[in-house]
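# Close look at the chain arrangement
So the chains spell out like this:
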Amino acid sequence: MRRFLLLYATQKGQAKAIAEEISEKAFAHGFSADLHCISESDKYDLKTETAPLVVVVSTTGTGDPPDTARKFVKAIQDKALPGDFLAHLRYGLLGLGDSEYTYFCNGGKIIDKRLQELGARHFYDTGHADDCVGLELVVEPWVDGLWAALTKHFTSSRGKAERIGALRVALDASRRMDPLKPELLHIESQVELLRLGDLRRRDPEERGQNAVDGGRSGAPVVESESESSLTRSEPPLSQAALSTPAAPPEYLHVRLQECPGQEESQASVTSVDPIFQVPISKAVQLTTNDAIKTTLLVELDISKTDFSYQPGDAFNVICPNSDSEVQNLLQRLQLTDRREHCVHLKIKEDTKKKGAALPPHVPDGRSLQFILTWCLEIRAVPKKALLRALVDHTSDGREKRRLQELCSREGAADYNRFVRDERASLLDLLLAFPSCQPPLRLLLEHLPKLQPRPYSCASSNLSHPGKLRFIFNIVEFLSHTTKEVLRKGVCTGWLAAVVASALRPDVRVSCAEGGKAPAPEISISPRTTNFFHLPSDSSAPVIMVGPGTGIAPFIGFLQHREKLQEQHPDGHFGAMWLFFGCRHKDRDYLFREELRRFHQCGVLTHLKVSFSRDAPVGEEDAPVKYVQDNIRLHSEHVARLLLHERGCIYVCGYVAVTHMLGRRGQLMVFTE
């Protein structure tokens, strides 16, 4: 069996699921996949690896590799490593990303570039899958082409080995017949170079032979039909022969056991980073009631913790799933009466899943309700592997066929339209297909970890010692899966409910005792990949671009700069520009008075504001509607600051900013 090393770097479980799919398909193609998380550095060694390497890498944050790849990236970025450190290595890489973000697939690109710098070479061209249009459009053809690329690699390697062996035999024979002649010394040295250097080179003919066709979807485009829906298809799909994936192997044995009442807290949630439980000391609504979006400011009291931050940092909020959705899911699974039972997991002895392991985000011995509330992303859009697994637990023929269509290659357009684009959840599918009765095991095998949500710090510890502020919009969206339902974001909806009492004027929220309502608490954790900081040279000009809630880190910047100027009145501080935008001046102009004060006292030297839904009135209002137009209006100043004064530009939030940087300008981007 031809072995290859298969590594995955995952944040939310997508890269892992794809790597596991590759591993399961490998056997049928005559290969053996040695599957590991990229963080398990004790189980593989690229320095001595002779087999080809396949890597699946996701992207998180502002274009960073996932948390599981931190140590790996740090290790390969060691500047002391020689340029041929991995010259023996042949690899193929699949990057996952979302083109709505500035640094598309950057997690994979960082690793890909560094492997090349260390001498590694592709045996299969890199694929970049876009979650914005559907990962499967690249993932499926990339995986399909992998087997031919691996076959060619092993065939080529075997052929080279045979040629080396033939030369060695001829050389040995000549040694026995005649003394070693000077010309044979050259032949022997070439044989040695070929044998030792073979793993550092590849034939030029191999280059460019395994490119992924980024435009190939692997599925016909299905025209929109007015009668098509999540539960119903139309010709030609309804009459097509389907190419469905193999059923994912079962690997978990689940035991529900009655257990004595135990107090369960968020502290049981697994996390790489330390978790701090902190009280909410303040909550303010920043927008008017008639604004399109409701924006809240929340202040946390971190004075009794070791949590520290710099302006521009982001941190994680650990949030639960909606209680009503958890109860509805329990009811649909007919497990309501067992919600307090403890869940115990073990690997099935007869499983066919290679490298099966217990999900690390599911703590043993916790109640079913706790696991569904704090550990599993029950709102996650189901992957095709989960849809395929649901097929085997669906009794109605029409429902079974429809689930098969949705997970098939031919049904890719319907999957995108009715599942992915509508952000359908597992509960939505179970309500839409009533004959589907999946076991609890299936959920625990397929639902990813409930991820903490990142937020920008909107304060400076110099201005607000012992406090941490952040802002957020209460996310609301319509779901049209089976019926039109207004939903709120998992974290923002929960936060809004938590701080509701603080927003009511009749209730005082305080951390102290004695006649006051106890302050609600939330759990937070630091993010270790923060880099969105003010320049170390305070004289460098700073340009800040932050529409909507993207202004959050810049409030921290301005508060910090104000205190530094008070502490160092004779210091030299560079100009600070802020480009801010919102819909309406009188409804959602966030931090309006505070920004005016910064501007009046000279901390903020230039304040440029755009109101996209207001007509310009008076001199104060911007003559353009959007932030990018305002930047273009002042492009000469921006270019001068970046190109001639070594300025830095910071962008937070969604905004079109292009063709703004020269060789010496610095761009820091944080997308939320």
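In every chain, residue numbers begin from 1 and rise along the written sequence. For this predicted model, a pLDDT threshold of at least 70 governs which residues receive local features, and a threshold of 80 or more governs which side-chain atom pairs are given and counted, while totals over whole chains, interfaces and linings are taken from all residues. With hydrogens and water excluded, all non-hydrogen atoms of the structure serve as input to the side-chain values.

### Here we look at the packing of aromatic side chains
Whether two aromatic rings pair depends on their centres lying within 6.5 Å, for rings of Phe, Tyr and Trp, where Trp uses its six-membered ring; planes under 30 degrees apart make the pair stacked, over 60 edge-to-face, and the rest tilted. Considering all chains together, one arrives at 21 aromatic pairs under this definition. Taking 6.3 Å as the distance between ring centres and 75° as the angle between the ring planes, the aromatic pair formed by Phe4 and Phe31 counts as edge-to-face. You can see Phe4 sitting in strand S1 (residues 2-9) and its partner Phe31 sitting in strand S2 (residues 31-37), a full 27 residues away along the chain. Per residue, the accessibility class of Phe4 equals that of Phe31, and both read buried. Note on Phe307 and Phe315: the rings are 6.4 Å apart at their centroids and 85° apart in plane angle, and the pair reads as edge-to-face. Strands here are runs of E lasting at least two residues and helices are runs of H or I lasting at least four, both read from the DSSP assignment and numbered beginning at the N terminus. Buried means the residue's accessible area, taken with a 1.4 Å probe over protein chains only, is under 20% of the maximum for its type, while exposed means over 50%, and partly exposed covers the values in between.

### Overview of the state of the cysteines
Two cysteine sulfurs form what is called a disulfide whenever their separation falls within 2.5 Å. Per the counting criterion, the structure on display carries one disulfide. Residue pairing for Cys259: its cysteine sulfur links by disulfide to Cys342, the two sulfurs lying 2.0 Å apart. For the disulfide bridge between Cys259 and Cys342, the dihedral angle about the S-S bond is near 90°, and by the sign convention the bridge is right-handed. Taken as a pair, Cys259 in the loop between strand S7 (252-257) and strand S8 (276-285) and Cys342 in strand S11 (residues 342-347) lie far apart in primary sequence, 83 residues in all.

### A word on the side chain of Glu410
Relative to the assigned elements, Glu410 resides in the loop between helix H9 (397-407) and helix H10 (412-420). Positive charge is attributed to Lys and Arg, negative charge to Asp and Glu, and no charge count is given to His or to the chain ends. For this document, the term salt bridge refers to a Lys or Arg side-chain nitrogen within 4 Å of an Asp or Glu carboxyl oxygen. Look at Glu410: it is buried, it has no salt bridge, and the nearest opposite charge is Arg409 at 6.5 Å. Definition of a polar contact: a pair of N or O atoms within 3.5 Å, with one able to donate and the other able to accept a hydrogen when the atoms are protein atoms, and with sequence-neighbouring residues admitted only if both atoms are side-chain atoms. Looking at Glu410, its side chain comes within polar contact range of the main-chain nitrogen of Ser243, at 2.7 Å.

### A short note on empty space enclosed by the protein
In this analysis the probe radius is 1.4 Å and the grid spacing 1 Å, with only protein atoms considered; a cavity is a set of points the probe fits into but cannot get out of, a pocket is an open set with protein on both sides within 12 Å along at least five of seven lines, and lining residues have an atom within 4 Å of a point. Grid points are joined across faces, edges and corners, and a volume is the space filled by probe spheres set on the points. Tallying each qualifying case throughout the model produces four cavities of 30 Å³ or more. Of the volumes computed, that of the second largest cavity is approximately 40 Å³. What lines the second largest cavity is simply Glu325, Leu329, Ile378, Arg379, Ser425 and Leu427. In this count, Pro and Cys sit with the nonpolar residues alongside Ala, Val, Leu, Ile, Met, Phe, Trp and Tyr, while Asp, Glu, Lys and Arg are called charged and the others, Gly among them, polar. Class assignment of the residues belonging to the lining of the second largest cavity gives a composition of three nonpolar, one polar and two charged.

### A short note on helix H18 (residues 635-643)
Every buried residue of H18 is accounted for by Val638, Leu641 and Leu642. Seen from one end, H18 has its buried residues packed into an arc of 95°, which puts them on one side. Should any heavy atoms of two residues lie within 4.5 Å, those residues are counted as being in contact. If you follow the buried residues of H18, they end up packed against strand S19 (542-545), strand S20 (576-582), helix H17 (627-633) and strand S22 (648-652). The directions from the helix axis to the C-beta atoms form the arc being described.

### Considerations on the side chain of Thr10
Locating Thr10 in the fold gives a position in the loop between S1 and helix H1 (14-26). Here the side chain of Thr10 touches Gln14 through a polar contact of 3.5 Å, landing on its backbone nitrogen. For Thr10, the residues in contact, after removing those within four places along its chain, are Ala15, Lys16, Ser58, Pro66 and Thr68.

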